[in-house]
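This is what each chain is made of:
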Amino acid sequence: MPKRILSGVRPTNKLHLGNLLGALENWKKLESAESYFMIADWHALTTEYESKIKIKETVIEVVIDFLAAGLDPNTSTIFLQSLVPEHAELALLLSIITPLSWLERNPTYKDQIKEQKGKELATHGFLGYPVLQAADILLYKANAVPVGEDQLPHLELAREIARRFNHLYRKNVFVEAEALLTKVPKLPGVDGRKMSKSYGNTIDLSDSPEEVDKKVMRMVTDPARKRREDLGHPDVCPVYYFHTIFNQKNHETVAQECRQAKRGCVECKQEMASYLVRFTKPIYERRKELERGRSKIREMLVEGSKKARSVACLTLAEAKEAVGIA
Ligand code: TRP
Ligand code: SF4
C-alpha cells in the first residue's frame, strides 16, 4: 500500500462513466493512504485557452462528480490546482532545470498537436505540460500516482526531473513517484469507439436514468447482426461489454443467447440499461442533492486547497533553499 498518493483530472468537461471506472473507482480504493485529488485547471487551460468554456464552472461540476461518485473530502484532500499557487511556482523552477529535448520527445505533445486539430498547441505552456504535472506530484512527495496508461510518459518525466534536481543540488528534496496503473480496459462509448467527450459518445454521471436509457437504446451493436435471426458476435458488441461490467452474474447467458440468436438487440439493450441504471441512479440522485448546495462545494474546495497548500509550501521552501533563492 502506498503512503501518499496524488492524482488529478483536467476539468474540461463533466465526468462520464469512463472516467468513473477508469479513475474514480480506483481512487476510492486508495483513500486509506494519504490521498490528494486535484482538479488541474491550469492543465485544462493549456488546451482550452482559446475556447469559450468556463473552466471555473466546469471545476464545480467535476467536484460534484467526485463527491457523487463517493470520494470523501474528510478522508482525502480534494483541491483546486490554481488555489495552490505553489504549483505554478515550482513549475517555473522545474522548467529551468528541464532540458528542452526531454519535452520535445514527449509522445503526448506530438500526438495532441496532431489530434486536436484547429488548436494552436505548439505553445510554451503546452510543451511544459509535463513539467507542471511533475510539480503537482513532487510538491506532495507522493510515492504513487494512479493514472491510465496514456499518462506513463508524464510520470517517467516527473521521475527524471526529480532525479535531476536531487542530483544537481545534492539534496533529497523530491521523491520519485511510481505509477499505479489502472487496469480497467477502455470503456466503449455509445458508438463503440473509446468513450470520450471529443467523440460525443459519453454516458455522463449527470445523465438522468431516462437519458441513460435513451443513450443505451441508441448504442451500436454487432454490425453483422442486421436481422433478428442473424447469429450475433457479443465480443464485438459494446452493449455486451457493458453487460460484462454491470451484469456480471448473467453476462455469459447473454453471450450464449446472442450467439444463438435467442435474444434480440432491443431486449438485450433494455436489460443492460436496467442494470446500468441501478448503478448510475444513486450517483445521479446524489448529484442532484449536491447541486442544490453549490456554494458549499466551492467552500469545500477552498478548504481542501488550504490543506494542500500547507504541505505544498513546505516542499517549495525546501526546493528554493536547495537552489539558493529567496
Ligand atoms: N495530465 C493528467 C491527465 O490528463 C491530469 C493531471 C494533472 C495529473 N496533474 C496530474 C494526473 C498529476 C496525475 C498526477 O489525465
Ligand atoms: Fe449485442 Fe445483445 Fe445484440 Fe448480441 S443481442 S449483438 S450482445 S445487443
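Scoring rules and cut-offs
Residue numbers restart at each chain and count upward from 1, following the sequence in its written direction. Chain labels run from A onward and ligand labels from 1 onward, assigned in the order the entries are written. Local features are withheld for residues below a pLDDT of 70 in this predicted model, meaning they are given only at 70 or higher, and side-chain atom pairs are given and counted only at 80 or more; totals for whole chains, interfaces and linings count all residues. The side-chain values count all of the structure's non-hydrogen atoms but skip hydrogen atoms and water molecules. We call a set of buried residues a nonpolar core when its members are Ala, Val, Leu, Ile, Met, Phe, Trp, Tyr or Cys and they connect through side-chain atoms within 4.5 Å of each other. When a residue's accessible area, from a 1.4 Å probe over protein chains only, is under 20% of the maximum for its type it is buried; when over 50% it is exposed; and in between it is partly exposed. Helix and strand assignments come from DSSP, with helices taken as H or I runs of at least 4 residues and strands as E runs of at least 2, each series counted from the N terminus. Domain limits in this description derive from either an automatic procedure or a database domain assignment. Note on contacts: a residue pair qualifies if any of its non-hydrogen atoms lie within 4.5 Å across the two residues. Simply put, the buried area is the total loss of 1.4 Å probe accessible area from both parts when two parts are fitted together. We define a salt bridge as a contact between a side-chain nitrogen of Lys or Arg and a carboxyl oxygen of Asp or Glu at a distance within 4 Å. Between N or O atoms, a polar contact is any pair within 3.5 Å; within protein, one atom must be a potential hydrogen donor and the other a potential acceptor, and residues adjacent in sequence are included only when both atoms are from side chains. Lys, Arg, Asp and Glu make up the charged group, whereas Ala, Val, Leu, Ile, Met, Phe, Trp, Tyr, Cys and Pro make up the nonpolar group; the residues left over, Gly among them, are polar. Residues are counted as near a molecule or strand when any one of their heavy atoms sits within 4 Å of it. A patch consists of residues whose relative accessible area exceeds 30% and which take part in no salt bridge; residues with like charges are grouped when within 9 Å of each other, and nonpolar side chains (Val, Leu, Ile, Met, Phe, Trp, Tyr) when within 5 Å. Each accessible area is a Shrake-Rupley estimate made with a 1.4 Å probe; only the visible protein chains count as cover when residues are assessed. Comment: axis = line fitted to C-alpha atoms, over the contacting stretch for helices; angle = value between 0 and 180 degrees taken between N-to-C directions. Just so you know how the angles are binned, under 35 degrees is roughly parallel, over 145 roughly antiparallel, 65 to 115 roughly perpendicular, and the rest oblique. Take the far helix as the reference: if the near one is turned anticlockwise from it by less than a right angle, the crossing is left-handed, and if turned clockwise, right-handed.

Concerning the nonpolar core
Line of reasoning, step 1. By size, the foremost hydrophobic cluster in this structure holds 52 residues, and its most contacted members are Leu-17, Leu-24, Phe-66, Phe-242 and Leu-276.
Line of reasoning, step 2. Here the element with the most residues in this core is helix α3 (residues 55–69); it accounts for 10 residues.
Line of reasoning, step 3. Each of domain 1 (4–187 + 294–323) and domain 2 (207–288) gives at least three residues to this core.
Line of reasoning, step 4. Other than its neighbours up to four places away in sequence, Leu-17 contacts Leu-187, Met-195, Ile-203, Leu-205, Phe-242, Phe-246, Leu-276, Phe-279 and Thr-280.

What to know about the domain arrangement of the protein chain
Line of reasoning, step 1. When cut into domains, the protein chain gives domain 1 (4–187 + 294–323) and domain 2 (207–288).
Line of reasoning, step 2. Domain 1 and domain 2 are separated by 35 Å when their C-alpha centres are compared.
Line of reasoning, step 3. Each side of the interface is counted separately: domain 1 has 14 residues, and domain 2 has 10 residues.
Line of reasoning, step 4. Summed over both partners, the interface of domain 1 with domain 2 comes to about 900 Å²; 69% of that surface belongs to carbon and sulfur atoms.
Line of reasoning, step 5. Ranking the residues of domain 1 by area buried against domain 2 places Leu-17, Ala-68 and Leu-187 at the top, with a combined share of 49%.
Line of reasoning, step 6. Our count for the domain 1 to domain 2 interface comes out at 2 salt bridges.
Line of reasoning, step 7. Of the charged contacts, one joins Arg-287 and Glu-61 as a salt bridge, the two residues approaching to 2.9 Å between their closest N and O atoms.
Line of reasoning, step 8. Seen at the junction of domain 1 and domain 2, the total is 3 residue pairs in polar contact (both at pLDDT 80 or more).
Line of reasoning, step 9. At 6 residues, α3 tops the list of elements feeding residues into the side of domain 1 that touches domain 2.
Line of reasoning, step 10. For the side of domain 1 that touches domain 2, the per-class residue count stands at 9 nonpolar, no polar and 5 charged.

Some details on the site of ligand 2
Line of reasoning, step 1. In the region of ligand 2, the neighbouring residues are Thr-221, Asp-222, Arg-225, Cys-237, Val-239, Tyr-240, Cys-258, Arg-263, Cys-265 and Cys-268.
Line of reasoning, step 2. Elements that contribute at least two residues to the shell around ligand 2 include exactly α11 (238–246) and α13 (265–291).

With respect to a nonpolar patch on the surface
Line of reasoning, step 1. On the surface, Trp-42, Leu-45 and Tyr-49 cluster together into a nonpolar patch covering about 290 Å² of accessible area.
Line of reasoning, step 2. The residue Trp-42 is located in helix α2 (residues 41–48) in this model.
Line of reasoning, step 3. Among the residues examined, Trp-42 registers a relative accessible area of 40% and is labelled partly exposed.

Considerations on the packing of helix α10 (residues 209–217) against α13
Line of reasoning, step 1. Running from N to C, α10 and α13 point in directions that differ by 150°, and their axes come no closer than 9 Å. Relative to α13, the element α10 lies roughly antiparallel. For the crossing formed where α10 meets α13, the hand is right-handed. The residues of α13 that touch α10, namely those facing Pro-209, Val-212, Asp-213, Val-216 and Met-217, are Val-266, Lys-269, Gln-270, Met-272, Ala-273, Leu-276, Val-277, Thr-280, Lys-281 and Tyr-284.
Line of reasoning, step 2. Considering only residue class, the contact of α10 with α13 consists of 10 nonpolar, 2 polar and 3 charged.

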